Amino acid sequence: MSLSSSAYRRPAASPVAASGRTELWKQAPRRARAAVSTVAAGPAGAGSIDDFELFYARRAVDRFRTLLGRQGLLDLLAADIEEGNAFLRESARTSDGAFKGGTTVLAAKGLTSGEFLAWMDKAFAGDEKPLLAAHPEHYVMGTDEIGARVVENIGPHVADFSMGGWGTDALDWAKDAAELLPESEFPRNMSSNLFLADGTVVGRALIQFGDTADGFTANLTVYFPVTCPDEVLEHHLRHYAVEFRNWIVAAAAARA
């Protein structure tokens, strides 16, 4: 199975401030020489050094998740979650119900959208481990009486929110969304609100799937309050690309 992705919007370079170091900026800039290192001999396994590093990084993250457990992670991240939720709550307040969105598009081969979504339904109803494994910044993910509970990064902020309201009046916004695609081409679509424990809606999601001759296309749209910095939206578009790529790969492996 192969998969390609594209995430719209790239952030502008951030200005750099160096208090007390202005004299360095008066010097003529030096052009850095790119350093490149590749494996010439040694490892028998296939892959680049980047591939090796990714394997070890994933293994380390899985080890810490396993040792800490769900409650241990929640306890460890409690202060971060409080801060992240406060940021999103304030963004929602100052945006007065207005949202901005972006879309990541994935093209998958090797299975249909129906097969993938069946795997997703089973994963959310069972062990959260395959859901967590899809992204290093997934901390809690599963379904309870409210909906799908998620603790993950929203940009640089760790947030604890639920995704729910599927198919209810609270989702009337999706009917008029500019990103809504023709049902004839994308017959499988779902929308959701992202809300905090106090009911504050801090985001929205619209995901749409359409089969192709050799797989399917996924249009993954997320919305955040308009006062959120653009980098929050940009990083979640990247987040979508990572997690859904890995979920699709896992779904295909489960069918093999």
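Now for a description of the structure that goes with this document. (Residues numbered from 1 in each chain as written. Predicted model: local features only at pLDDT ≥ 70, side-chain atom pairs only at ≥ 80, totals over all residues. Heavy atoms only, no water.)

### Some thoughts on the overall build of the chain
Counting its secondary structure elements, the chain contains six helices and eight strands. Helices and strands in the chain line up, N terminus first, as β-α-α-α-β-α-α-β-β-β-β-β-β-α. Expressed as a percentage of the 256 residues in the chain, the buried residues total 38%. Long-range pairs, those at least 24 residues apart, make up 64% of the contacts in the chain between residues at least 6 apart in sequence. On the chain, roughly 15200 Å² of surface is accessible, and the fraction owed to carbon and sulfur atoms is 54%. (Helix = DSSP H or I, 4+ residues; strand = E, 2+ residues; numbered from the N terminus. Buried < 20%, exposed > 50% of the residue type's maximum accessible area, 1.4 Å probe, protein only. Contact = heavy atoms within 4.5 Å. Areas by Shrake-Rupley, 256 points an atom, 1.4 Å probe, with all protein chains shown as cover.)

### Quick notes on unusual backbone geometry
Residues other than glycine predominantly adopt negative phi, and peptide bonds predominantly adopt the trans conformation. Of note in the backbone geometry, Asp-96 takes a positive phi value of approximately 50° without being a glycine. Its place among the elements puts Asp-96 in the loop between helix H3 (78-95) and strand S2 (99-109). What makes Asp-96 exposed here is its relative accessible area of 70%.

### Observations regarding the environment of Thr-217
Here Thr-217 is to be found in strand S8 (residues 215-225). Judged by relative accessible area, which is 17%, Thr-217 ranks as buried. For the pair Thr-217 and Glu-185, spaced 32 residues apart in the sequence, the C-alpha separation amounts to 9.8 Å. If we ignore the near neighbours within four places in the chain, the residues touching Thr-217 are Val-105, Leu-106, Phe-186, Gln-208, Phe-209, Gly-210 and Thr-212.

### Notes on the pattern of salt bridges
Across all of its chains, the model carries 10 salt bridges by this definition. Residue Arg-93 pairs with Glu-90 through a salt bridge whose shortest N-O separation is 2.6 Å. Of this pair, Arg-93 and Glu-90 both sit in helix H3, three residues apart, which is roughly one turn of that helix. Under the relative-accessibility criterion, Glu-90 is labelled partly exposed at 37%. (Salt bridge = Lys/Arg side-chain N within 4 Å of Asp/Glu carboxyl O.)

### With respect to the layout of surface pockets
In this structure, the second largest pocket occupies an estimated 290 Å³ of space. As for the second largest pocket, its lining consists of 14 residues, and the residues nearest its centre are Leu-54, Arg-58, Ala-133, His-135 and Pro-136. Those elements that provide at least two residues to the lining of the second largest pocket are helix H2 (49-76) and helix H6 (230-255). For the lining of the second largest pocket, the leading source of residues is H2, giving seven residues. (1 Å grid on protein atoms, 1.4 Å probe; cavity = no way out; pocket = protein on both sides within 12 Å on 5 of 7 lines; lining within 4 Å. Points joined across faces, edges and corners; volume = space filled by probe spheres on them.)

### A closer look at H3
Its 18 residues give H3 an end-to-end C-alpha distance of 26 Å, which sits within 8% of 26 Å, the value for a rise of 1.5 Å per residue. For H3, the set of buried residues is Ile-81, Gly-84, Asn-85, Leu-88, Ser-91, Ala-92 and Ser-95. The buried residues of H3 all sit within an arc of 120° when viewed along its axis, so they share a single face. Turned more than 90 degrees from where H3 packs its buried face, Ala-79, Glu-82, Glu-83 and Arg-93 sit exposed. Buried residues belonging to H3 abut H2, strand S4 (148-154), strand S5 (157-164), strand S7 (201-211) and S8. (Expected span 1.5 Å × (residues − 1). Arc of directions from axis to C-beta.)

### Some points on the pairing of strand S3 (residues 138-143)
Residues in a regular strand project their side chains so that they alternate between the two faces of the sheet. Judged by how many residues are buried, S3 sits mostly within the fold: five of six residues are covered. In this structure, S3 lies alongside S4, joined through five bridges in antiparallel fashion. Across the sheet, the residue bridging to Thr-143 is Ala-148, located in S4. Between S3 and S4, which pair antiparallel one after the other, the connecting turn spans four residues. (Pairing = 2+ DSSP bridges.)

Purely geometric numbers; function is a separate question.
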